[in-house]
Amino acid sequence: MRAVILFLLLINTAAAQGIPWQAWEYREAMSESAWQYFGPSAPIAALAAQIHQESGWRCDAVSWAGAQGCGQFMPGTAKDMAARFPAACAPANPFSPEWAFRCRDLYLRSLIRASRTAGTDHCSALAFGLRAYNGGLGWIRKDRALAAKDGSNSNDWLAVQPYNAGRSPSAYRENTEYPVRIFRLEERYASWGNSTGCVQL
């Protein structure tokens with residue numbers, strides 16, 4: 001009976017915070033993966049917020065475009081992850097929460113590293129990485145090149161935000177809003193672990 005009461009209290013607390021109840025079921029697995037691939041300073045709150053944004057913690061989710069699981073991997077991207085990181089991601093299994101957290105962390109970490117250039121602070125590197133996760137690294141590089149050509153700071157994610165290298169208006173809007181939404185959602189998960197400090201931007 002006590003366990004049932006505690007579970008109900010947990011659900012009510014999660015609802016009050018705007019955190020889906022499923023998030024608590026997966027919190028430990030997500031955090032362990034984050035620490036493994038990002039180290040002790042892993043941005044737990046932002047990583048949790050990304051899963052919230054992607055799937056609402058519904059690990060059986062399938063989007064209208066065909067993206068699958070907690071991390072909303074497209075089937076082609078999931079297969080690519082299995083090829084790039086066979087020890088952690090083969091075979092591709094995006095509906096597995098553990099697979100989704102592991103391979104999301106590996107993928108996002110690689111995108112952040114690819115986005116980090118001299119003069120890029122941690123918020124900009126993370127924002128560029130998140131935008132690349134959402135819309136592709138190639139587009140982010142093109143947007144940054146366009147910003148640099150125009151004399152703007154291509155290392156600052158906010159300075160790059162107005163530049164669109166050719167996507168449709170809806171795709172561009174979704175992509176530029178993606179890190180903003182995650183940084184705002186991060187507040188809900190601040191008690192879970194390290195926050196980025198980017199949420200105030």
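Provided above is the structure to which this section pertains.
Residue numbers run consecutively from 1 along every chain, following the written order of its sequence. Local features in a predicted model are, by the rule used here, given only for residues with pLDDT of at least 70; side-chain atom pairs are given and counted only at 80 or more, and totals for whole chains, interfaces and linings are based on all residues. To obtain the side-chain values, all non-hydrogen atoms of the structure were included, while hydrogens and water were left out.

J.: Mind laying out unusual backbone geometry, listing which residues take part and the relevant values?
T.: In this structure, the amide linkage connecting A90 to the following residue, P91, adopts the cis form with an omega of -5 degrees. Comment: elements are numbered from the N terminus, with helices defined as DSSP H or I runs of at least four residues and strands as E runs of at least two. If you trace the backbone, P91 turns up in the loop between helix 5 (86-89) and helix 6 (97-115). Residues other than glycine seldom take positive phi values, yet W57 does so here, at roughly 70 degrees. Not every positive phi belongs to a glycine, and Q72 is a case in point at roughly 50 degrees. Using a 1.4 Å probe on the protein chains alone, a residue whose accessible area is under 20% of its type maximum counts as buried, one over 50% counts as exposed, and one in between counts as partly exposed. Given the relative accessible area of 13%, Q72 is considered buried.

J.: Tell me about the environment of S124, and name the residues and values.
T.: Among the structural elements, S124 can be located in helix 7 (residues 122-135). Given the relative accessible area of 2%, S124 is considered buried. Sequence separation between S124 and P169 is 45 residues, and the spatial gap between their C-alpha atoms is 22 Å. Here, two residues are considered to be in contact whenever any of their heavy atoms come within 4.5 Å of each other. Leave out the neighbours within four places in its chain, and S124 touches N155, D156 and W157.

J.: Lay out helix 8 (residues 137-149) with the relevant residues and their values.
T.: By this rule the span expected of a helix is its residue count minus one, scaled by 1.5 Å. Taking 1.5 Å of rise per residue, the 13 residues of helix 8 would be expected to cover 18 Å, and the 18 Å separating its terminal C-alpha atoms lies within 8% of that figure. Taken as a whole, helix 8 has its buried residues at L137, I140, D143, R144 and A147. Down the axis of helix 8, the buried side of the element spans an arc of 125 degrees, and every buried residue falls inside it. Exposed and oriented more than 90 degrees from the buried face of helix 8 are R141 and K149. This arc corresponds to the set of directions leading from the helix axis out to the C-beta atoms.

J.: Any details on the nonpolar core? Residues and values, ideally.
T.: Here, nonpolar core means buried Ala, Val, Leu, Ile, Met, Phe, Trp, Tyr and Cys residues that are tied together by side-chain atoms lying within 4.5 Å of each other. With 53 residues, the main nonpolar core has W57, F73, M81, Y189 and W192 as its most contacted residues. Looking at which element gives the most residues to this core, the answer is helix 6, with 9 residues. Apart from residues no more than four positions distant in its own chain, M81 is found in contact with F73, P86, C89, W99, C103, L106 and Y107.

J.: Mind laying out the packing of helix 3 (residues 44-55) against helix 10 (residues 169-185), listing which residues take part and the relevant values?
T.: Any two packed helices are characterised by the angle at which their axes cross and by the distance between the axes. Contact geometry for helix 3 and helix 10: axes closest at 8 Å, N-to-C directions at 120 degrees. Classified by the interaxial angle, the pair formed by helix 3 and helix 10 is oblique. In this structure, the crossing between helix 3 and helix 10 has a hand that is right-handed. Contacts between helix 3 and helix 10 pair A46, A49, Q50, H52, Q53 and E54 from the former with Y178, R181, I182 and L185 from the latter. Among the residues forming the contact of helix 3 with helix 10, the class breakdown is 5 nonpolar, 3 polar and 2 charged. Lines fitted to C-alpha atoms define the axes here, with helix axes fitted over just the stretch in contact, and angles between the N-to-C directions of these axes take values from 0 to 180 degrees. By the definition adopted for this analysis, an angle is roughly parallel if under 35 degrees, roughly antiparallel if over 145, roughly perpendicular if from 65 to 115, and oblique otherwise. Crossing chirality is assigned from the near helix's rotation relative to the far helix, an anticlockwise turn below a right angle marking it left-handed and a clockwise turn marking it right-handed. Note that Gly is not counted as nonpolar here; it falls among the polar residues with everything else outside the nonpolar set of Ala, Val, Leu, Ile, Met, Phe, Trp, Tyr, Cys and Pro and the charged set of Asp, Glu, Lys and Arg.

J.: Please set out the state of the cysteines residue by residue, giving values where relevant.
T.: Disulfides are defined as pairs of cysteine sulfur atoms found within 2.5 Å of each other. Enumeration over the complete set of coordinates arrives at 3 disulfides. Across a sulfur-sulfur distance of 1.6 Å, C59 and C70 are joined as a disulfide pair. In this pair, C59 is assigned in the loop between helix 3 and helix 4 (75-84) and C70 in the loop between helix 3 and helix 4, connecting sequence segments 11 residues apart. Both residues of the pair, C59 and C70, count as buried. Residue C123 pairs covalently with C198 via a disulfide, S to S 2.0 Å. Taking the torsion about the sulfur-sulfur bond, which here is approximately -100 degrees, the covalent link between C123 and C198 counts as left-handed. Pair noted here: C123 is in helix 7 and C198 is in the segment after helix 10, with a separation of 75 residues, a long-range link. When sorted by exposure, C123 lands in the same class as C198, which is buried. The connectivity of the disulfide bonds within the protein can be written as 1-2, 3-4, 5-6, using the sequence rank of each bonded cysteine.

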